Amino acid sequence: MSRKPIIVGNWKMNKLQKDAVEFMQGVEAHLTGDEAADFGIAAPFTCLNACVANAKHLIVAAENCNAKDSGAYTGEVSVPMLEEIGITYCIIGHSERRTYYAETNEACAAKAKRLFASNIVPILCIGETEAQYDAGETAAVLKEELKGSLEGLSADEVSRMVIAYEPIWAIGTGKSADQTIAQDCCALVRKTVEELYDADTAAKVRIQYGGSVKPTNIKEYMACADIDGALIGGASLKVDSFLEIIDAVR
Ligand code: PEP
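Residues numbered from 1 in each chain as written. Predicted model: local features only at pLDDT ≥ 70, side-chain atom pairs only at ≥ 80, totals over all residues. Heavy atoms only, no water.

(A) Quick look at the overall build of the protein chain. Of regular secondary structure, the protein chain possesses 12 helices and 8 strands. On the principal axes, the C-alpha backbone points of the protein chain span a range of 45 × 45 × 35 Å. Per-residue burial over the protein chain gives 53% buried out of 250 residues. A separation of at least 24 residues holds for 73% of the contacts in the protein chain among residues at least 6 apart in sequence. If you sum the accessible surface of the protein chain, you get close to 11,000 Å²; carbon and sulfur atoms cover 51% of it. Considering the protein chain, the positive charge centre built from 24 side chains and the negative charge centre built from 36 side chains are found 2 Å apart. (Helix = DSSP H or I, 4+ residues; strand = E, 2+ residues; numbered from the N terminus. Buried < 20%, exposed > 50% of the residue type's maximum accessible area, 1.4 Å probe, protein only. Contact = heavy atoms within 4.5 Å. Areas by Shrake-Rupley, 256 points an atom, 1.4 Å probe, with all protein chains shown as cover. Lys, Arg positive; Asp, Glu negative; His and termini not counted. Charge placed at Lys NZ, Arg CZ, Asp CG, Glu CD.)

Rendered as structure tokens:
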């Protein structure tokens, strides 16, 4: 089963529109329509329109969405709003949203279902804390997050989604997971998808590693059998480092 690799930058709460345009133009200048991998960025809501306007080959993803279509949810952005401006991917369940905004597995499942209804691909983030890792609870945490966040999704939907394994202790810390840990955990994610669905779905779902990925370590992860790409925070903020990552993936 050959899965197309997918590399997505996550800008988080960074960049004004002018910075976003500069980044898009800087990266697009080096991309062709014939890349063997998907490359994209997830941007804050205020930058999405500018990113879409300047995207030729890059995927433009949102960093969050609300599962409801409309209503009295001050400050929220719905999936139809993302669809209207041409968004094709959306991160859900990032650890920062789980930690600071109490995003639950149940909320992730509702968001994923709504995203698929609009043909937007969810990038579901899961991962354990350092304390859970130290206590040997990683497998249990990943299984529980997957079971809850995939609830109600069909095998066809899951086969089209992206799952990002992001150990929380590796996000923004510079302490990236070593190759074996990243591969073993991504293999566990795939095995769990097989248990919850079937072998075909598990063979199709694209699994990313995320956590202090940079130009100097991306190749190690891309060499792993169960890692199909990366979700990248800090190293996606500058054109140069994102281009170095793209070149390494090529
Ligand atoms: C992330 O924000 O999902 C992430 C992996 O960040 P960083 O690459 O900076 O660790």
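Structure's up, so let's keep going.
(B) Expanded view of the nonpolar core. Judged by nonpolar contacts, the single largest core of 66 residues is most densely connected at Ile7, Cys51, Leu82, Met161 and Tyr209. Apart from the residues within four sequence positions on either side, methionine 161 is in contact with Phe116, Val121, Pro122, Leu124, Leu150, Leu153, Val205 and Arg206. By size, the runner-up hydrophobic cluster in this structure holds 13 residues, among which are Ile6, Ala61, Cys125 and Leu231. (Core = buried A, V, L, I, M, F, W, Y, C linked by side-chain atoms within 4.5 Å.)

(C) Spotlight on the environment of alanine 230. With respect to the helices and strands, alanine 230 occurs in strand S8 (residues 229-232). Residues alanine 230 and threonine 138, 92 residues apart in the sequence, show an inter-C-alpha distance of 19 Å. Once you skip the residues sitting within four places of it in the chain, alanine 230 turns out to touch Ile6, Ile7, Val8, Gln208, Tyr209, Val213 and Ile218.

(D) Representation of the environment of glutamine 179 within the structure. With respect to the helices and strands, glutamine 179 occurs in helix H9 (residues 179-196). The class of glutamine 179 is partly exposed, set by a relative accessible area of 33%. Placed 42 residues apart in sequence, glutamine 179 and tyrosine 221 show a C-alpha to C-alpha distance of 6.1 Å. When near neighbours in sequence (up to four residues on either side) are disregarded, glutamine 179 contacts Glu220, Tyr221, Ala223 and Cys224. Reaching out from glutamine 179, the side chain makes a polar contact with the backbone oxygen of glutamate 220 at a distance of 2.8 Å. (Polar contact = N/O pair within 3.5 Å; in protein donor to acceptor, adjacent residues only side chain to side chain.)

(E) Representation of the site of the ligand. Within the structure, the ligand sits among 14 residues, and Lys12, Glu166, Gly172, Ser212 and Gly233 are positioned closest to it. Contact distances for the ligand include 3.3 Å between an oxygen atom and a side-chain N or O atom of asparagine 10. One of the backbone N or O atoms of glycine 234 is found 2.8 Å from an oxygen atom in the ligand. Burial of the ligand by the surrounding chains reaches 95%, relative to a free accessible area of 290 Å². (Near = heavy atom within 4 Å.)

(F) Summary view of the packing of aromatic side chains. Following the criterion strictly, the structure yields 6 aromatic pairs and no others. Consider the rings of tryptophan 11 and phenylalanine 23, whose centres lie 4.9 Å apart with planes at 85°: the pair is edge-to-face. Taken together, the positions of tryptophan 11 in the loop between strand S1 (6-10) and helix H1 (17-28) and phenylalanine 23 in helix H1 put the pair 12 residues apart, joining distant regions of the chain. Its relative accessible area of 0% is what places tryptophan 11 among the buried residues. Exposure remark for phenylalanine 23: the relative accessible area of 2% places this residue in the buried category. Judged by centre distance (6.4 Å) and plane angle (85°), the ring pair of tyrosine 100 and tyrosine 101 falls under edge-to-face. Of the two residues, tyrosine 100 and tyrosine 101, neither departs from the other in class, the shared state being exposed. Within the aromatic cluster, the residues linked to one another by ring pairs are Trp11, Phe23 and Phe242. Taking the ring centre of tryptophan 11 as reference, the NZ or CZ of lysine 15 above it sits at 5.1 Å. (Phe/Tyr/Trp six-rings, centres within 6.5 Å; stacked < 30°, edge-to-face > 60°. Lys NZ or Arg CZ within 6 Å of the ring centre and 35° of its normal.)

(G) Quick peek at the sheet that holds strand S2 (residues 38-43). With parallel pairing, the 8 strands of this closed barrel are ordered in space as S1-S2-S3-S4-S5-S6-S7-S8. Put simply, the sheet's adjacent strands are angled 25° from each other on average, direction ignored. Taken together, the 4 bridges between S1 and S8 define a ladder with parallel strand orientation. In the sheet register, isoleucine 7 faces S8, and the bridge partner there is alanine 230. (Pairing = 2+ DSSP bridges. Axes fitted to C-alpha atoms, helices over the stretch in contact; angles between N-to-C directions.)

(H) A look at the environment of tryptophan 11. Tryptophan 11 sits 224 residues away from alanine 235 along the chain, and the two C-alpha atoms are 9.2 Å apart. Here tryptophan 11 is in contact with Ala20, Phe23, Ile41, Ala42, Ala43, Pro44, Cys51, Glu63, Ser236 and Leu237, once residues within four sequence places are set aside.

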